[in-house]
Amino acid sequence: MTVTPTDPSQESAVDTAEAVSSEAVADQSAKQADFGTDDDLGIPEDIPTADDPSSRATSRDMENAGFTLDEFAALLSKYDYNFKPGDIVNGTVFALESKGAMIDIGAKTAAFMPLQEVSINRVEGLSDVLQPGEIREFFIMSEENEDGQLSLSIRRIEYQRAWERVRQLQKEDATIYSEVFATNRGGALVRVEGLRGFIPGSHISTRKPKEELVADFLPLKFLEVDEERNRLVLSHRRALVERKMNRLEVGEVVVGTVRGIKPYGAFIDIGGVSGLLHISEISHEHIETPHSVLNVNDQMKVMIIDLDAERGRISLSTKALEPEPGDMLTDPQKVFDKAEEMAARYKQMLLEQAEEGEEPLSSMMI
């Protein structure tokens, strides 16, 4: 570096500096040879200091950013999820615990689903239904708790969709098959789409004792579907009657067995389904009680006079098969032997009534 003198004393200092001995110069040269010169360090002369404003990041003008602060805030608000009870959201299972599952639904805190809310059906463990990493829908049951955590459910979603499906099946008047899982004094219990259904004893049509129906699959028709009252009532008898009705017709003679006697008539088993022989349809003669004419397990011939698929009822008659009024009281064997002949006459009578536009005889008999 060269120093430009500004006064006589400085010039003297320069002369003194030039008088440095050759040995000192040689030693300095040796040191520079070992460690390099200042020029070799490559340190720039214009390094800014911390106080230099030019060393700080350049501020940007938001007017040239392409959007305003309000627009940026609005964009962020789209991702500020507002979860409400009753909402259905997508979530990812990331942990299975003994009492439930931890679910990521994008909230600030992981949501929790209790074990009892994992399915509408009974399950032994969470792993039977869920796997870590699985993505599916969840129902939000409640507001955030004090820790900011939401409670979720799969069962609620399945419950809602089960009722929707059952209502559709009822609308279609579908016949379903379901397994009896328990019985009680009133009837039998089954599950339909995961919902508990009840079959009243009067709508169970089988020769088996009721208690032996557990684990049996029965054909069923819907009697009542009421989600508000949580009532799902079904009929085994209606399903069997409908199936049987597809092969039966009014005026047909069938062989049946007396299975039960009531003050108002007798229930006759005709090939696995039950038909009612009303007291007024036993004979043309007046009868005080069906017990005076019929006995349980009696085998007899009866004629079908009405098929009501909607109510699952088959109406029967022996009165229409009497060759002479009162034969069921005095000579039931005669009624049995001539049943087909009398039924043919009955059908002919129905045909003539139809041609003349009269009210069907069957409707007048019931």
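The rules we used
Residues numbered from 1 in each chain as written. Predicted model: local features only at pLDDT ≥ 70, side-chain atom pairs only at ≥ 80, totals over all residues. Heavy atoms only, no water. Helix = DSSP H or I, 4+ residues; strand = E, 2+ residues; numbered from the N terminus. Buried < 20%, exposed > 50% of the residue type's maximum accessible area, 1.4 Å probe, protein only. Contact = heavy atoms within 4.5 Å. Areas by Shrake-Rupley, 256 points an atom, 1.4 Å probe, with all protein chains shown as cover. Pairing = 2+ DSSP bridges. Axes fitted to C-alpha atoms, helices over the stretch in contact; angles between N-to-C directions. Expected span 1.5 Å × (residues − 1). Lys, Arg positive; Asp, Glu negative; His and termini not counted. Salt bridge = Lys/Arg side-chain N within 4 Å of Asp/Glu carboxyl O. Polar contact = N/O pair within 3.5 Å; in protein donor to acceptor, adjacent residues only side chain to side chain. pLDDT = per-residue confidence, 0-100. Core = buried A, V, L, I, M, F, W, Y, C linked by side-chain atoms within 4.5 Å.

### Regarding the overall build of the protein chain
Within the protein chain, the regular secondary structure consists of 9 helices and 15 strands. In the protein chain, buried positions account for 34% of the 366 residues. Summarising the internal contacts of the protein chain: among those between residues at least 6 apart in sequence, 56% fall at separations of at least 24. Within the structure as shown, the protein chain displays about 23,400 Å² of accessible surface, and the carbon and sulfur contribution to it stands at 48%.

### Remarks on the sheet that holds strand β4 (residues 135-140)
On the basis of which strands lie adjacent, the open sheet formed by 5 strands has the order β3-β2-β1-β4-β5 and antiparallel pairing. Edge positions in the sheet fall to β3 (111-114) and β5 (152-153), since each has one partner strand and no second. Two elements, strand β1 (residues 88-96) and strand β2 (residues 100-104), share 4 bridges in a ladder whose sense is antiparallel. Bridging across to β2, A95 finds its partner in M102. Where helix α4 (residues 155-171) meets the sheet, it contacts β1, β4 and β5, and its direction lies at approximately 85° from that of β4.

### Some thoughts on α4
Its 17 residues give α4 an end-to-end C-alpha distance of 24 Å, which sits within 8% of 24 Å, the value for a rise of 1.5 Å per residue. Phi turns positive, to about 55°, at D173, one or two residues after α4.

### A closer look at the sheet that holds strand β14 (residues 299-308)
Strands sit in the order β11-β12-β13-β15-β14 around a closed barrel of 5 strands; the barrel is mixed. Across the sheet, the mean angle separating the axes of adjacent strands is 50° when strand polarity is ignored. Seen against the sheet, helix α8 (residues 339-356) touches β11 (253-262) and β14 and runs at an angle of roughly 20° to β14.

### Description of the side chain of E322
With respect to the helices and strands, the residue E322 is situated in the loop between β15 (313-317) and α6 (327-330). Although E322 is buried, it makes no salt bridge; K319 carries the closest opposite charge, 7.8 Å away. Separated by 2.7 Å, the side chains of E322 and S283 make a polar contact. Only 3.2 Å separates the side chain of E322 from the backbone nitrogen of D327, close enough to count as a polar contact. If sequence neighbours within four positions are ignored, E322 has contacts with I282, S283, H284, D327, M328, V335 and M342.

### Observations concerning the confidence of the model for the protein chain
Predicted confidence across the protein chain gives a mean pLDDT of 80, with 75% of residues reaching 70 or more. A low-confidence stretch, residues 29-43 (pLDDT under 50), is modelled with 2 contacts involving residues beyond four sequence positions or located in other chains. This stretch, residues 361-366, has a pLDDT under 50; its non-local contacts, to residues over four places away or in other chains, come to 18 contacts.

### What to know about the nonpolar core
Counting 33 residues, the largest nonpolar core has I270, L294 and I314 as the members making the most contacts within it. Counting residues per element, the ones that place at least two in this core are α5 (236-245), β11, β12 (265-270), β13 (273-278), β14, β15 and α8. Of the residues forming this core, the biggest block, 5 residues, is contributed by β14. Residues in contact with I270, not counting those within four places in the same chain, are K244, L248, V254, V255, G256, V302, I314 and L316.

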